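Now for the letters of each chain:
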Amino acid sequence: MDSNIRQLLSASQIYGVEGEDSFLHQAFEQLKAASDRRPSSDGPEPCGQDLYVQCAEIALQYGLTDMTKACLSMYLHRTPPSNQFLCRAYLCHAQLLAPKSAEEISQLDKAVVYILKAIQFAKENARYNFLVFNASVLYWQFCRPFLKPNYRQHLSISLHSVVKALDDIDDKDYEWRAQLMLALIECHVDAGRSKEAAEVSKAAAEFTKANVPKLYKQVLQLQVQHNLVESNKLAKEIKSNGDLTGYYKLARMRLSLEQNDVPDIKSSLERLLNQFLQEDDDITANSRASSVMSTFGRKTPQAAIPQTPTIEESKSKPPTTIGNQGSKGSFASLVTSLVRGSTTSSDVKSAVSKWKNTPSTVPLTKKEKPLLLIELCRLCLEQDQADLASQAIQAIKTCPIKETGLLLELEFLEAELIVRNLGDKQEIYSKSSVEVRLQCIHRLNEALQTAIRLGDPNVLQVGCSTMWNVCLPLLQPNLRHHVRKPLTVIAEALENIDSLLILLRCQIHTELARCEEDVEQVEIAMSHLKKALALDDGGHYNERLQHALQRLSLRAELYQQPERMEDQAAMIIEQARTSAESGSIRMKRSLLVRAGQALSPDAFLHVLDSESDTKAAAGTGRGYQGILSEFGSKAKNFNKCVRKLEGHLKRLGNENDRERARLWADIAKTARKQEVWDVCRIAARYCLLYDDDRWHMARPQTVSHLETHSESVGRESVNETPTGQRKRTGTAEQPSTGLNTPHSDKDLIRMLAEIYFLNAEALIHLLRSEGVKLNTKPIPPEDKRKHPKGYVSKKPEEDEDWITYSEWIASLSQSATQCFLRAAELGCALGESWIVCNAAAYLWNYNNHLLMDGRHRELIEPFNKLLKAMKQVGHARETCLLVNLCNALAIGLMKQWIPVQPKDRPIETPQKAGKEKDEKTPKAKSVASHASAKSKILLVDAEAQDDLKKALEVCDYALEVTNGNKPLDVVPISVRHHLINTWVQTKQLLLQQINKGLGTEDEGNSNGQRPMTRCLVALEMHSLSSNGILEFKEQPSLTELANLVEQCKWSEPLVELQVWVRLSEMAYKTCNHQLVLKSTSMALRFDDNMYASKVKKLDKHKYTVWQEMLSFASCVLGKSLINNMHGKNVIRRSALEAFLNATRYGRRADNYMQVISSARYYWNTCLPLVCEVIERQLLMEPLNIILDCITATYCNQAGKGIVGRRIQPHFL
């Protein structure tokens, strides 16, 4: 029987297992029969006990777990001999208990027990030492799912035992042992055992130096990354090796960058690049010690995870590696969270003095130099330093590279650099930027195919991570069809190598499910969602994926009626979505109403009647009073029906609240997309009922109106300069890290913020349907009836129905504003700045009419809350929005306190063409002090100090953010111009002088926008000095200012044109004719600027302002020439030409007032010449041109009420 069983087992290994009559099953039956026999006391066993273990191993190989368990049970039932098969039985048992995912921690502990038993047995006998290696390989196989952050801690003790066992038997596969040591270091760090990790790192460093030198750099990176060894000691050890010194510097650089300890990222990276290229860096030679130190640090990639070698009784080949070396990109936070542990560094600056003495002149070897440059290039791309990355790539190309993997990594970097070169346009969805990104994806796809054929898992993971980073911005609903194929490629590639980028693979499958759903491939989409659920070990996206999978399953079974009301609503929503293109509005509305009824059968239709015109019109009277009554009944019906919502959650309780909230949100989104506005508003109201802190939403304390006027907006005092050197007396507000809540709860909170935006938009749509804009009052209807003589009409403002209607309109406006602000609060709670910026953009756009009307004061409270939110969580690079918001808030705080000029005192401030006229401020408080008969000084009311100080703090904050210290926060000078003007005027109202720096922290610093800032500040100082409030002492003369403007390099021609025009007007008022000539000549040279033609095509408003500025400059030139002609007709004709050009520019700007004003000046100037016949002939053509300009602009401006009055000629 023994030989027969052995033959059957050998045949099963050759021919496999097919069906229950296979050789393996026959052998198993004979083993069972042999086990059931009871041998005599002195008789031999029916078969060798080793056959049970061999059968169990073969059965386990083919997935027959029941047979494996039975064989092991039969083997262990009797007393097994102490040989290798007992150890192999333990290993078989460990494989049976092996965990399938990282969540099965208990299974891991059970399997580890048998692994350690096998290792302990194999260590005791030298002839079985090979089984220690096999046990380590099997251990590595089933602990692979735990090799990620927050899960490695469960392996620290058991892996330590495995590594120690291999060390005890002095296993000769040194590379395998080194790889396990690297993994053990990270496991100890993840478990918080820093002392043990430091000891293992020292042992690993000595071991790799002696046996596997190529892996020592990975040990070095881990030591720097987790601060396991003193920096000065480590620097001494490696100072004689140029390659290791380079890796050390790179690791220190990454660590410093992650700790935000590098003041000047570009210069630091540039210096490091020059050191790698053995070039001298003179820029940082004279820098401070802290600045020098900050250039050393970089967080290194995790040590490569070794691939499991084949289990053999005698080892022959060292294990290969699989991992994620260098798989970093713009989405580095995602990849880092998957393959790295947390960084713990207590003192980055401890090696400053030693670092300076570290020799940087030791040359790099030809083999390591391209590797270091590739890592440095990747780091430059992470920090958006495309120019340095380009230099590194050019340096890499000069190196002799023969490895295909390095060439592919270089190709990945070049492809990513194409996108990085777009700069600020990377995230802009213009046609050109999208096409560039698609070209990059095509290039990456070709390189990925080569990487797949190469089979190097490290290179493949780098390429897949790069492809994911490039595809991310294209995952919009209207663009993701472009990335369907590339995402499929990287998903299959990562699946084939069983990559440990688990979270990345989960997100790729999630996005692929959406892509497949868009093309009606429901089954394929469901398969992707199932894969994503299997990969979601931490359960971060479990609820979202389950919800999507359930919806797709209902979509696939449209002809089966679900039992649950929630499932019925979900099915109807899917039907409404699929009918978006083919169905009518009426059909779409009926489907959405049915979905709402399924979720709220008792109240949905009643609440939906709140906007019914039939219900509102019932019981109204006749005539004009009937019209007002109709408005009142509409408001009353709305308020009455909406009250039905109050008891909805009480009637339902908390049953399926998460699912129902998502369904209401889906109804609202679908209705918004299909423009079924009434259903959208009601569904949004139902969804927002769940905003009651049930999902751990810490509702931030809102700023009351009283707090707005009593507390500091910035909550910090600053010195007098706006761009730098802010002396803070309070603690700077740190960005919020968001709620400490589960990921699924954050999803729901984020959904509520989105519905708040949607509900606010829907309410604004309702206001517009009533003929009212946001935060404006309704206009009463006109009474067109004929009344008898002596009839006294009743004012609509005194009618109760109209008062009710007006209050309802005001409540809708208030609700819309509060929705935007509540969404911003949720964004702060989540720590997501994009939500706050969206709220600010919504409020800015929908309240733009108030800003145009000068009603900034009404927006102080919402803008103040938004500014505090943006300070708390950041502004998501929306710096222009931040600056505009601060400027509007400062104007609102300041405007009412501007003193009114006395009637007998002309306002000397020049008016710019194209700029809005200042609104009247009837409520402004001012006191005129008649200190002398010759001059009158205007004093600002003492009550204005609080508001003015807050306005100054707001301006200082915005100017500091945009001062150029952070390149990403630099805004166009045209945006900053308005803020500078507001800042100067606020300083004047506070009676504060401006120093010689003119708004900059360093008078001699001419970098960035500082020269333009000085010019604009000085210009505004001159403009305001004559208004009677405060005369600035440190302002330069107009001639000096003109020289500053001329020497300055302007980034925007339109701003420079405006500066020269304003300067020419000031020179004209001070009778400085030479400066007028210079300023107007500098302004008029913009007439031939090619930029004007481009602006005309892209921005009509800018083109209009452009031409108005030219018209104003020509007019000022003509007036100055007239004042200084001294009877010379040559100068008079030059003035006539200037007025004629002003008329032409006015026509291009379509500005009738400028045209008629210039025509008047032309006529007054030419009057002395009309007496002569020859002069009249010369004036005929210009006058015809002027008449044509007047006629052309009159028709366009007639409807504005500015050309209906008679123009009185003014003679000089």
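The notes below deal with the structure included here. (Residues numbered from 1 in each chain as written. Predicted model: local features only at pLDDT ≥ 70, side-chain atom pairs only at ≥ 80, totals over all residues. Heavy atoms only, no water.)

**Focus on the overall build of the chain**
If you tally the helices and strands in the chain, you get 52 helices and four strands. Across the 1212 residues in the chain, those meeting the buried criterion constitute 54%. Expressed as a percentage of contacts within the chain between residues at least 6 apart in sequence, the contacts between residues at least 24 apart total 73%. Taken as a whole, the chain presents about 56900 Å² of accessible surface, with 49% of it coming from carbon and sulfur. (Helix = DSSP H or I, 4+ residues; strand = E, 2+ residues; numbered from the N terminus. Buried < 20%, exposed > 50% of the residue type's maximum accessible area, 1.4 Å probe, protein only. Contact = heavy atoms within 4.5 Å. Areas by Shrake-Rupley, 256 points an atom, 1.4 Å probe, with all protein chains shown as cover.)

**Some details on the packing of helix 43 (residues 973–989) against helix 46 (residues 1053–1069)**
Running from N to C, helix 43 and helix 46 cross one another at 40°; their axes reach a closest spacing of 10 Å. Comparing their axes, helix 46 and helix 43 come out oblique. Contacts between helix 43 and helix 46 involve Ile-973, Ser-974, His-977 and Asn-981 on the former and, on the latter, Val-1055, Gln-1058 and Arg-1062. For the contact of helix 43 with helix 46, the per-class residue count stands at two nonpolar, four polar and one charged. (Axes fitted to C-alpha atoms, helices over the stretch in contact; angles between N-to-C directions. Parallel < 35°, antiparallel > 145°, perpendicular 65-115°, else oblique. Nonpolar A, V, L, I, M, F, W, Y, C, P; charged D, E, K, R; others polar.)

**A word on the packing of helix 7 (residues 130–142) against helix 8 (residues 156–168)**
Orientation of helix 7 relative to helix 8, taken along the N-to-C sense of each, is 155°, at an axis distance of 10 Å. By the angle between their directions, the pair helix 7 and helix 8 is classed as roughly antiparallel. Here the hand of the crossing between helix 7 and helix 8 comes out left-handed. Residue-level inspection shows Val-132, Phe-133, Ser-136 and Tyr-139 of helix 7 in contact with helix 8, the latter providing Ser-158, Leu-159, Val-162, Ala-165 and Leu-166. Residue composition of the contact of helix 7 with helix 8, grouped by class: seven nonpolar, two polar and no charged. (Left-handed = near helix turned anticlockwise from the far one by under 90°.)

**Side note on the pattern of salt bridges**
Close approach of charged atoms lets side chains of opposite charge pair. Applying the stated rule across the entire model yields 60 salt bridges. Between Lys-217 and Glu-368 there is a salt bridge whose closest N-O contact spans 3.5 Å. Here Glu-368 lies in the loop between helix 17 (352–357) and helix 18 (369–382) and Lys-217 lies in helix 11 (residues 216–225), a separation of 151 residues in the sequence. Of the two residues, Lys-217 and Glu-368, neither departs from the other in class, the shared state being buried. Between Glu-543 and Arg-662 there is a salt bridge, and its shortest N-O distance comes to 3.5 Å. Taken as a pair, Glu-543 in helix 26 (residues 542–556) and Arg-662 in helix 33 (residues 657–673) lie far apart in primary sequence, 119 residues in all. Residue classification places Arg-662 among the buried residues on the basis of a relative accessible area of 11%. Where salt bridges share partners, they join Arg-564, Glu-566, Asp-567, Glu-659 and Arg-660 into one cluster. (Salt bridge = Lys/Arg side-chain N within 4 Å of Asp/Glu carboxyl O.)

**Quick look at unusual backbone geometry**
Positive phi, normally seen in glycine, also occurs at Asp-384, with a value near 60°. Position of Asp-384 relative to the elements: it lies in the loop between helix 18 and helix 19 (386–397). In this structure, Glu-675 is a non-glycine residue whose phi angle is positive, near 60°. By secondary structure assignment, the location of Glu-675 is in the loop between helix 33 and helix 34 (677–688). Since its relative accessible area comes to 54%, Glu-675 is described here as exposed.

**Focus: helix 12 (residues 231–238)**
Every buried residue belonging to helix 12 is among Ser-231, Leu-234, Ala-235 and Ile-238, and all of these are buried. Considered in projection along helix 12, the buried side chains sweep an arc of 100° and stay on one side of the axis. Elements in contact with the buried residues of helix 12: helix 11 and helix 13 (242–258). (Arc of directions from axis to C-beta.)

**Things to note about the packing of aromatic side chains**
The relative placement of two aromatic rings is captured by the distance of their centres and the angle of their planes. The final tally for this structure, using the stated rule, is 24 aromatic pairs. Aromatic pair Tyr-90 and Tyr-114: ring centres 6.4 Å apart, planes at 45°, arrangement tilted. One end of the pair, Tyr-90, is in helix 5 (residues 84–96); the other, Tyr-114, is in helix 6 (residues 105–124), with 24 residues separating them in the sequence. Taking the centre distance of 5.7 Å and the plane angle of 75° together, the rings of Tyr-139 and Phe-142 count as edge-to-face. (Phe/Tyr/Trp six-rings, centres within 6.5 Å; stacked < 30°, edge-to-face > 60°.)

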